Amino acid sequence: MSKPFYVTTPIYYVNDRPHIGHTYTTVLADVIARFHRMRGEQVYFLTGTDEHGQKVEKAAAARSITPKQLADEVVANYTELWKQMGMTHFRFIRTTDEDHKAQVQRLFKRLLDKGDIYKATYKGLYSVSDEAYVTETQAKELQAQGLAHQLIELEEETYFFRLSAYQDRLLKLYEEHPEFVQPDFRFNEVKRFVEGGLQDLSISRTSISWGIPVPGDEKHVIYVWFDALLNYLTGCPANSWPPDLQIVGKDILRFHAVYWPAFLMAAGMFLPTTILAHGWWLMGDDKMSKSKGNVVRPDTLLRFGNDALRFYFMRDMQVGHDRGFSYEGFMDRLNADLANGLGNLASRTLSMIQRYRGGVVPMPTVMDELDQEMATQLLAVFPEYLEQARASNFHGALDVLWTYLRTLDGYIVKAEPWKLAKDPANDPKLDAVLANLYRALRATALLVAPVMPELAQTLWEGLGHTTKVAETTFHGFALDGPAIGPIGESKPLFQRIDKEKEMSDLMADPAPAVAKPSLDVPEIRETVDADTFFKVDLRVGKILEAERVPKSDKLIRMKVDIGLEQRTIVGGIGKAYEPADLLNRLVVVVANLAPRKLMGIESHGMLLAASDNASKPYLIAPPADAMPGFLVK
Ligand code: MSP
């Protein structure tokens, strides 16, 4: 027998309750797990929480509770939510589980004995906010963004994983397995990163106490990513290894597509087949984050039903790309596709079968060209949907299906069954129309069952089945087979949302959907005297030219008029601004900053921008009537 299909989600940090980003990842995995079950496969689905590390330690300290207490609290949030949403994972793994701790220590020891892990002294720069050592290039980028204060000089003893030794094997893996990372454009980013050279990875910390101790050297705690990634191993029964599909957000792809396979290669284990990196749900142009106060929690959306949220996630997000979230977009989608589209088609079809045929689905005897066309389309839509879904593209699959459902609306308009019903001479034609509509709905119930399990079951029963749609397999399903019996009780599939009312309720919510942001900024820096401050020469400048620095997504090279002269300035604002939007903008320039080279370009000066650690940099803008060259004092 073939091995079970093994699918995973990332394990979630316990420093925050779940928001729709986390919910999306788990829904996607659950839809895929259900889909594979309906393909007749055995499925093993794992999710859980990532509980060690400095972030959790700090979040717990801020509330004067232990990290484990905080983790227990957040885990309860997760497990209750997943239960409410009917997730079908087999295990909810926690990195504080005893079997996991033992696993991490065992593997650490094995790689240490093998020489893939070694102890050495690290000397260099460390980014406090990222909890990571920083290369020179990264340090320059942070400096260019005005974030140099986050860097500290560090010298400490640490265990390294010999990542550098795996560069060639990783590149070979990527070449031989073009399916290893999806989508392709993300795979290219991974390849470029590895081609750029790999440094050994520090995998222990002495500055943290909340974590799994290094066996035999307990002042070291194992780095949270080494610990976290191994959850996929701890949580997997022996018969299911290796993972078939590992779903991750784009932000954590590097850990999964570079470090993770390298750890497994070192351990001599089989590698996952595919790492699927999805994009983010954004609010406007921003990432959803607690510190920005723009987080959408699933509870706000679940009042419209579990299936509604699942459908929206799958229908609106093209896996791999980012997608802006809006409450209005959410409601519009559900009204259009579920209340109108499918809901309407189902209720019309079932009531016509009831009214014209006493609930008995007719077998067509003749089909005219139009009827035949509809029947043929269904035969094409069904496998097309399955193929797209197999490639985890539910957005595309649902699009194909809903396009067909819309065609059926047009078919009803053209066929005018209410007129056909008036004359028994038209019976064969009416039979054909009703049978076509019935078959389309039956196929739809089956196809959407992984996405909307409850709605599909309601539709399935409405069509007369007494079985569980989720226990039916796609394979060999007779699309044009006869109905199982008379149609069942017709229940509405989806209640139309009163958008205006819901929007005004949302606005009046005592826990507003958009809460006051909390700031993610360091303490106020040490005092400087006025003389020191006045040494900094600040001037109004005007941006005359702007273009991206090749091979950098952050850096923009600008020509800036500062009154007395024109300067070339390279700024780390490329993620927040498009070059075209910078032209003719007034900015504040640090004019007497020593020139320095950024990616080979000499930058002479710096632009002032405001931000906290979480937000994008906002360029400081002098009033429109200020002149280039004005002193800022
Ligand atoms: N603990 C690590 C993962 C370790 S896996 C061995 C972690 N946790 S997380 O809680 O920060 O994020 C978990 C997942 O949620 C990531 O895949 C991340 O991309 C996803 N999302 C977080 N915010 C998101 C959106 N706004 N939109 C979509 N997914 C997002 O990283």
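Look a little higher up for the structure.
Residues numbered from 1 in each chain as written. Predicted model: local features only at pLDDT ≥ 70, side-chain atom pairs only at ≥ 80, totals over all residues. Heavy atoms only, no water.

Structural notes on the sheet that holds strand β7 (residues 181-182)
Strand pairing in a sheet relies on backbone hydrogen bonds. The paired strands run either parallel or antiparallel.
And then number 1: Strand order in the open sheet formed by six strands is β3-β2-β1-β12-β13-β7, and the pairing between neighbours is parallel. The open sheet has two edge strands, β3 (91-94) and β7, and neither has a second partner.
And then number 2: In terms of strand pairing, strand β1 (residues 5-13) meets strand β12 (residues 245-249) through two bridges, oriented parallel. Residue pairing in the sheet places Thr8 in a bridge with Gln246 of β12.
And then number 3: Strands in contact with helix α3 (residues 67-84) are β1, β2 (43-50) and β3; relative to β3, the strand with the most contacts, it is inclined by about 160°. (Pairing = 2+ DSSP bridges. Helix = DSSP H or I, 4+ residues; strand = E, 2+ residues; numbered from the N terminus. Contact = heavy atoms within 4.5 Å. Axes fitted to C-alpha atoms, helices over the stretch in contact; angles between N-to-C directions.)

Some remarks on the site of the ligand
And then number 1: As a structural note, the neighbourhood of the ligand is formed by 23 residues, with Ile11, Asp50, Gly249, Asp251 and Trp281 the closest of them.
And then number 2: Residue Tyr13 places a main-chain N or O atom 3.1 Å away from an oxygen atom belonging to the ligand.
And then number 3: Side-chain polar atom of Asp251 to an oxygen atom of the ligand: 2.6 Å apart, as the coordinates give it.
And then number 4: Relative to its unbound accessible surface of 670 Å², the ligand loses 95% to contact with the protein.
And then number 5: Secondary structure elements with two or more residues in the shell around the ligand: β1, α1 (20-38), α8 (224-229), α9 (231-234) and β12.
And then number 6: By residue number, the principal contributor to the shell around the ligand is β1, which donates four residues.
And then number 7: Here the shell around the ligand is composed, by residue class, of 13 nonpolar, eight polar and two charged. (Near = heavy atom within 4 Å. Polar contact = N/O pair within 3.5 Å; in protein donor to acceptor, adjacent residues only side chain to side chain. Areas by Shrake-Rupley, 256 points an atom, 1.4 Å probe, with all protein chains shown as cover. Nonpolar A, V, L, I, M, F, W, Y, C, P; charged D, E, K, R; others polar.)

Focus: helix α18 (residues 453-462)
And then number 1: Of all 10 residues that make up α18, seven are buried, and the element is covered over most of its length.
And then number 2: Buried within α18 we find Pro453, Leu455, Ala456, Gln457, Leu459, Trp460 and Gly462.
And then number 3: Downstream of α18 by a residue or two, Gly464 has a phi angle that is positive, lying close to 105°. (Buried < 20%, exposed > 50% of the residue type's maximum accessible area, 1.4 Å probe, protein only.)

A look at the side chain of Thr96
And then number 1: Looking at where Thr96 falls in the secondary structure, it is placed in the loop between β3 and α4 (98-114).
And then number 2: For Thr96, the contacting residues outside a window of four places in its chain are Glu51, His52, Lys68, Lys101 and Trp210.

What to know about the pattern of salt bridges
And then number 1: Throughout the structure, instances matching the rule amount to 41 salt bridges.
And then number 2: The residue Asp30 makes a salt bridge to Arg34 at a minimum N-O spacing of 2.9 Å. Taken as a pair, Asp30 and Arg34 lie in helix α1 at a separation of four residues, close to a single helical turn.
And then number 3: For Asp30, a relative accessible area of 0% translates into the label buried.
And then number 4: The shortest N-O distance in the salt bridge between Lys101 and Glu98 comes to 3.3 Å. Of this pair, Lys101 and Glu98 both sit in helix α4, three residues apart, which is roughly one turn of that helix.
And then number 5: Of the residues examined, Lys101 reaches a relative accessible area of 25% and is grouped as partly exposed.
And then number 6: Salt bridges sharing partners connect three or more residues here, namely Arg315, Asp316, Arg323, Arg333, Asp337 and Asp399. (Salt bridge = Lys/Arg side-chain N within 4 Å of Asp/Glu carboxyl O.)

Some details on the side chain of His19
And then number 1: As for its position among the elements, His19 is in the loop between β1 and α1.
And then number 2: The contact partners of His19, leaving out residues within four places of it in the chain, are Met288, Val295, Val296, Arg297 and Pro298.

Observations regarding a nonpolar patch on the surface
And then number 1: Judged by side-chain polarity, Val528, Phe533 and Phe534 come together as a nonpolar surface patch covering roughly 330 Å² of accessible area.
And then number 2: Inspection of the secondary structure assignment puts Phe533 in helix α20 (residues 530-534).
And then number 3: Among the residues examined, Phe533 registers a relative accessible area of 45% and is labelled partly exposed. (Patch = residues over 30% accessible without salt bridge, like charges linked within 9 Å, V, L, I, M, F, W, Y side chains within 5 Å.)

Quick word on the packing of helix α13 (residues 327-357) against helix α17 (residues 427-448)
And then number 1: Two elements in contact, α13 and α17, have axes whose closest approach is 10 Å; the angle formed by their N-to-C orientations is 140°. In terms of orientation, α13 lies oblique with respect to α17. Once α13 is placed against α17, the crossing between them reads as left-handed. Two secondary-structure elements touch here, α13 through Leu342, Leu345, Ala346, Thr349, Met352, Ile353, Tyr356 and Arg357 and α17 through Asp427, Leu430, Asp431, Leu434, Leu437, Tyr438, Leu441 and Thr444.
And then number 2: Residue composition of the contact of α13 with α17, grouped by class: 11 nonpolar, two polar and three charged. (Parallel < 35°, antiparallel > 145°, perpendicular 65-115°, else oblique. Left-handed = near helix turned anticlockwise from the far one by under 90°.)

Observations regarding the environment of Met85
And then number 1: In this fold, Met85 is placed in the loop between α3 and β3.
And then number 2: Met85 sits in the buried class, given a relative accessible area of 1%.
And then number 3: Each C-alpha atom, one on Met85 and one on Gly305, is 9.1 Å from the other, the two residues being 220 residues apart in sequence.
And then number 4: Residues within four places of Met85 in sequence aside, it is in contact with Thr23, Val27, Leu302, Asn306, Leu309 and Arg310.

Looking at the nonpolar core
And then number 1: Formed by 112 residues in total, the largest nonpolar core has its most connected members in Met314, Phe325, Tyr385 and Trp402.
And then number 2: Among the elements that take part in this core, α13 stands out by supplying 13 residues, more than any other.
And then number 3: When residues no more than four places from it in sequence are discounted, the contact partners of Tyr385 are Phe394, Ala397, Leu398, Leu401, Leu447, Val448 and Val451.
And then number 4: Counting residues in hydrophobic clusters, the runner-up holds 56 residues, among them Val224, Phe226, Cys236 and Trp241. (Core = buried A, V, L, I, M, F, W, Y, C linked by side-chain atoms within 4.5 Å.)

Brief notes about the pairing of β12
And then number 1: Buried residues dominate β12, accounting for five of its five residues.
And then number 2: Alternating positions in β12 separate into two faces, Leu245, Ile247 and Gly249 on one and Gln246 and Val248 on the other, with burial throughout.
And then number 3: Viewed along the sheet, the connection from β12 through helix α10 (residues 253-267) into strand β13 (residues 274-278) turns out right-handed. (Right-handed = clockwise from strand over helix to strand, strands pointing away.)

A few points about the packing of aromatic side chains
And then number 1: All told, the structure shown has 36 aromatic pairs when counted by the stated rule.
And then number 2: Seen from their ring centres, Tyr6 and Trp241 are 6.4 Å apart, and the 55° between their planes marks the pair as tilted. With Tyr6 in strand β1 and Trp241 in the loop between α9 and β12, the pair connects residues that are 235 residues apart, well separated along the chain. Take Tyr6 and Trp241: they sit in the same class, and that class is buried.
And then number 3: Chaining the aromatic ring pairs together yields one cluster made of Tyr24, Trp281, Phe304, Tyr312, Phe313, Phe325, Tyr327 and Phe330.
And then number 4: Its guanidinium or amino end placed over the ring of Phe187, Lys191 lies 4.3 Å from that ring's centre, counting from NZ or CZ.
And then number 5: In this structure, Lys287 is placed above the aromatic ring of Trp280, and the distance from its NZ or CZ to the ring centre is 4.2 Å. (Phe/Tyr/Trp six-rings, centres within 6.5 Å; stacked < 30°, edge-to-face > 60°. Lys NZ or Arg CZ within 6 Å of the ring centre and 35° of its normal.)

What about helix α14 (residues 369-390)?
And then number 1: Taking 1.5 Å of rise per residue, the 22 residues of α14 would be expected to cover 32 Å, and the 32 Å separating its terminal C-alpha atoms lies within 8% of that figure.
And then number 2: The complete set of buried residues in α14 reads Asp371, Met374, Ala375, Leu378, Val381, Phe382, Tyr385, Leu386 and Ala389. Taken down its axis, α14 places every buried residue within 120° of arc, on the same side. Of the exposed residues in α14, the ones pointing more than 90 degrees away from its buried face are Glu369 and Glu387.
And then number 3: Against α1, α15 (394-415) and α17 lie the buried residues of α14.
And then number 4: A side-chain oxygen of the first residue of α14 lies 3.0 Å from the backbone nitrogen of Leu370; this N-cap is Asp368.
And then number 5: A positive phi of about 65° marks Ser392, the residue just after α14. (Expected span 1.5 Å × (residues − 1). Arc of directions from axis to C-beta.)

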